[in-house]
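What follows is each chain in one-letter form.
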Amino acid sequence: LKEFGVVFFNVESFWWKESYLANTPENVVQLMAFANNLALEGASDLGNVFRHVAQSEWTQSSGAPDLFLLSDAAVTWGEDDIYALSTILDRETLGPLFAYRTGMFGTDTRVLNHLTRETGGTVFTVVGEAELEVAAQAHRQRPMEIISVEIPGCQDLLFAGRPNTLFPGQELQLVGRGEPKAPVEVVLTVKSGKRVSKLKVPINGVLESALASRSYGQVAVGQL
């Protein structure tokens, strides 16, 4: 990104600066210093912040901006109808909405999935700091929607963090139960636009470990 703008919100909304700023290390440091002095509130009004962005004249001066929502999307104030919320995000004046899932408790994936789908964006799953740099650039290419995953001879397959999209450079942690049939391969069914395809990933190395069942349990319990 060459330039950016940031709006903070709870039950109210306000811009950090009412203009685009160059994406420089100095401006990022200033932004983080400002954000770290804010007091967190327990209420979120997505409808209010969406209207605030849509009605800000300066954001429209250089075309429809891409939107990045850093929120669990748990609406606790104001409009909570997902169709009314997506209507505010007019695709003629605003660009696609991209959102993020970190695997933390309380994220309303129903809202995130609807808003990103209706605006032409997507939800990226980020389950660790190592994925931040890749996820920050993932919007540059259209990600693929994960339809299903299979390993012959296995069942109860789960992805850590429950990602529903696959973007370039993303790392996935897949767990499951069963006895894979040789030659072992993971079969991913993905969708890009209207095109559905299968990605086959061979597994050549096997490392036996007593921690394997624990890894499965951690992911499975986290998704209950």
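For the structure given in this document, a descriptive report is provided here. (Residues numbered from 1 in each chain as written. Predicted model: local features only at pLDDT ≥ 70, side-chain atom pairs only at ≥ 80, totals over all residues. Heavy atoms only, no water.)

### Looking at the nonpolar core
Soluble globular proteins tend to bury their nonpolar side chains together.
Then, in step 1: Core analysis: the largest hydrophobic core is formed by 20 residues, its most contacted members being Leu-46, Phe-50, Leu-89 and Leu-115.
Then, in step 2: At the level of elements, helix H2 (46-54), strand E5 (67-69), helix H3 (82-88), strand E6 (97-101) and helix H4 (109-119) are the ones that each hand at least two residues to this core.
Then, in step 3: The element best represented in this core is H2, accounting for four residues.
Then, in step 4: In this structure, Ile-151, Leu-157, Val-186 and Leu-188 belong to the second largest nonpolar core, which totals 10 residues. (Core = buried A, V, L, I, M, F, W, Y, C linked by side-chain atoms within 4.5 Å. Buried < 20%, exposed > 50% of the residue type's maximum accessible area, 1.4 Å probe, protein only. Helix = DSSP H or I, 4+ residues; strand = E, 2+ residues; numbered from the N terminus.)

### Some thoughts on the layout of surface pockets
Then, in step 1: In this model, the second largest pocket occupies a volume close to 680 Å³.
Then, in step 2: If you trace the second largest pocket, you find 21 residues lining it, with Gly-176, Pro-180, Val-206, Leu-207 and Ala-212 closest to the centre.
Then, in step 3: Only strand E9 (154-159), strand E11 (174-178) and helix H6 (212-222) provide two or more residues apiece to the lining of the second largest pocket.
Then, in step 4: The dominant element in the lining of the second largest pocket, judged by the number of residues it contributes, is E11, at five residues.
Then, in step 5: For the lining of the second largest pocket, a count of residues per class yields 13 nonpolar, six polar and two charged. (1 Å grid on protein atoms, 1.4 Å probe; cavity = no way out; pocket = protein on both sides within 12 Å on 5 of 7 lines; lining within 4 Å. Points joined across faces, edges and corners; volume = space filled by probe spheres on them. Nonpolar A, V, L, I, M, F, W, Y, C, P; charged D, E, K, R; others polar.)

### Digging into the environment of Ala-74
Then, in step 1: By the element assignment, Ala-74 lies in the loop between E5 and H3.
Then, in step 2: As for Ala-74 and Ser-44, which are separated by 30 residues in sequence, their C-alpha atoms are 7.0 Å apart.
Then, in step 3: With residues up to four places along the chain from it excluded, the contact list for Ala-74 reads Ser-44, Gly-106 and Asp-108. (Contact = heavy atoms within 4.5 Å.)

### Digging into the sheet that holds strand E8 (residues 144-150)
Then, in step 1: Here four strands make up an open sheet; going across it, the order is E10-E8-E12-E13 and the pairing antiparallel. Every other strand in the sheet has two partners, leaving strand E10 (165-166) and strand E13 (195-202) as the edge strands with one partner each.
Then, in step 2: Bridge analysis of strand E12 (residues 185-192) against E13 gives eight bridges, and the strand direction is antiparallel. Bridge pairing in E13 links Thr-189 to Lys-198. (Pairing = 2+ DSSP bridges.)

### As for the sheet that holds strand E7 (residues 122-125)
Then, in step 1: If you trace the three strands from one edge of the open sheet to the other, you get E5-E6-E7, paired in parallel fashion. Edge positions in the sheet fall to E5 and E7, since each of these pairs with one other strand and no more. Put simply, the sheet's adjacent strands are angled 25° from each other on average, direction ignored.
Then, in step 2: Sheet topology note: the E5/E6 ladder contains three bridges and is parallel. Bridge pairing in E6 places Leu-67 opposite Leu-97.
Then, in step 3: Packed on one face of the sheet, H4 meets E5, E6 and E7 and runs near 155° to E6. (Axes fitted to C-alpha atoms, helices over the stretch in contact; angles between N-to-C directions.)

### Here we look at the pairing of E8
Then, in step 1: As defined by bridge partners, E8 adjoins E10 across two bridges and the pair is classed as antiparallel. Looking at the pairing, Met-144 lines up with Leu-166 of E10.
Then, in step 2: Bridge analysis of E8 against E12 gives five bridges, and the strand direction is antiparallel. When the bridges of E12 are listed, Glu-150 appears paired with Val-187.

### Concerning the packing of aromatic side chains
Then, in step 1: The full count for this structure, using the stated rule, is seven aromatic pairs.
Then, in step 2: Taking the centre distance of 5.6 Å and the plane angle of 50° together, the rings of Phe-8 and Phe-34 count as tilted. Separated by 26 residues along the polypeptide, Phe-8 in strand E2 (residues 7-9) and Phe-34 in helix H1 (residues 25-35) bring together distant segments of the chain.
Then, in step 3: Where Phe-98 meets Phe-124, the ring centres are 5.9 Å apart and the plane angle is 10°; that geometry is what we call stacked. Of this pair, Phe-98 sits in strand E6 while Phe-124 is found in strand E7, placing the two residues 26 residues apart along the sequence. Across the pair, Phe-124 and Phe-98 agree in class, each one buried.
Then, in step 4: In textbook terms, an aromatic cluster arises when at least three aromatic residues are bridged by ring pairs, as seen for Phe-8, Phe-14, Trp-16 and Phe-34.
Then, in step 5: Its end group placed over the ring of Trp-16, Lys-17 keeps NZ or CZ at 5.4 Å from the ring centre. (Phe/Tyr/Trp six-rings, centres within 6.5 Å; stacked < 30°, edge-to-face > 60°. Lys NZ or Arg CZ within 6 Å of the ring centre and 35° of its normal.)

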